[in-house]
Amino acid sequence: MKYTTWILCGILILFGLFASIYALTGFDILLFLCAGNIYAYRGFLSLAGVGALWLLFWLLAFRPTKFLS
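A brief structural summary. (Residues numbered from 1 in each chain as written. Predicted model: local features only at pLDDT ≥ 70, side-chain atom pairs only at ≥ 80, totals over all residues. Heavy atoms only, no water.)

### Digging into the packing of aromatic side chains
Two measures describe an aromatic ring pair: the distance that separates the ring centres and the angle between the ring planes. Using the criterion set out here, one finds 4 aromatic pairs in the structure. On the basis of an interplanar angle of 80 degrees and a centroid distance of 6.4 Å, the ring pair of Phe-15 and Phe-18 is categorised as edge-to-face. With Phe-15 and Phe-18 both in helix α1 (residues 2-25) and 3 residues apart, this pair spans about one turn of that helix. Each of the two residues, Phe-15 as well as Phe-18, counts as buried. Both rings, one in Trp-54 and one in Phe-57, keep their centres 5.5 Å apart while their planes meet at 50 degrees; by these two values the pair is tilted. Of the two residues, Trp-54 and Phe-57 both sit in helix α3 (residues 38-62), 3 residues apart, roughly one turn of that helix. Owing to a relative accessible area of 21%, Trp-54 belongs among the partly exposed residues under this scheme. Looking at Phe-57, the relative accessible area reads 41%, which means it is partly exposed. (Phe/Tyr/Trp six-rings, centres within 6.5 Å; stacked < 30°, edge-to-face > 60°. Helix = DSSP H or I, 4+ residues; strand = E, 2+ residues; numbered from the N terminus. Buried < 20%, exposed > 50% of the residue type's maximum accessible area, 1.4 Å probe, protein only.)

Right, dumping it as structure tokens:
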């Protein structure tokens, strides 16, 4: 479970970097890496959605920020 959280967090960071490069330059790295295949592109985007839902579940279930206050 710990490794899943680290992997999905890394994927979300990577997608965030790709999105910021796309916003600043207009060049879509993910679409380039998928060689223009729209189905692979949408598959990778759905992976980002799964990663976001997993981290939301992890934050709600385990409350890692509970003892920060």
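### A few points about unusual backbone geometry
Of note in the backbone geometry, Ala-35 takes a positive phi value of approximately 60 degrees without being a glycine. Position of Ala-35 among the secondary structure elements: in the loop between α2 (29-33) and α3.

### Re the packing of α1 against α3
For the pair α1 and α3, interaxial distance at closest approach is 9 Å and the crossing angle is 130 degrees. As the angle between them shows, α1 and α3 are arranged oblique. For the pair α1 and α3, the sense of crossing is left-handed. Of the residues in α3, those in contact with Thr-4, Thr-5, Leu-8, Cys-9, Ile-11, Leu-12 and Phe-15 of α1 are Phe-44, Leu-45, Leu-47, Ala-48, Gly-51, Ala-52, Trp-54, Leu-55 and Trp-58. (Axes fitted to C-alpha atoms, helices over the stretch in contact; angles between N-to-C directions. Parallel < 35°, antiparallel > 145°, perpendicular 65-115°, else oblique. Left-handed = near helix turned anticlockwise from the far one by under 90°. Contact = heavy atoms within 4.5 Å.)

### Brief notes about α3
For α3, built from 25 residues, the straight-helix expectation of 36 Å at 1.5 Å per residue is met to within 8% by its first-to-last C-alpha distance of 36 Å. Restricting attention to buried positions, one finds in α3 the residues Tyr-41, Ala-48, Gly-51 and Leu-55. Each element contacted by the buried residues of α3 is listed here: α1 and α2. If you check the start of α3, you find a side-chain oxygen 3.1 Å away from the backbone N of Tyr-39, and it comes from Asn-37. After α3 finishes, the residue Arg-63 shows a positive phi value of roughly 45 degrees. (Expected span 1.5 Å × (residues − 1). Polar contact = N/O pair within 3.5 Å; in protein donor to acceptor, adjacent residues only side chain to side chain.)

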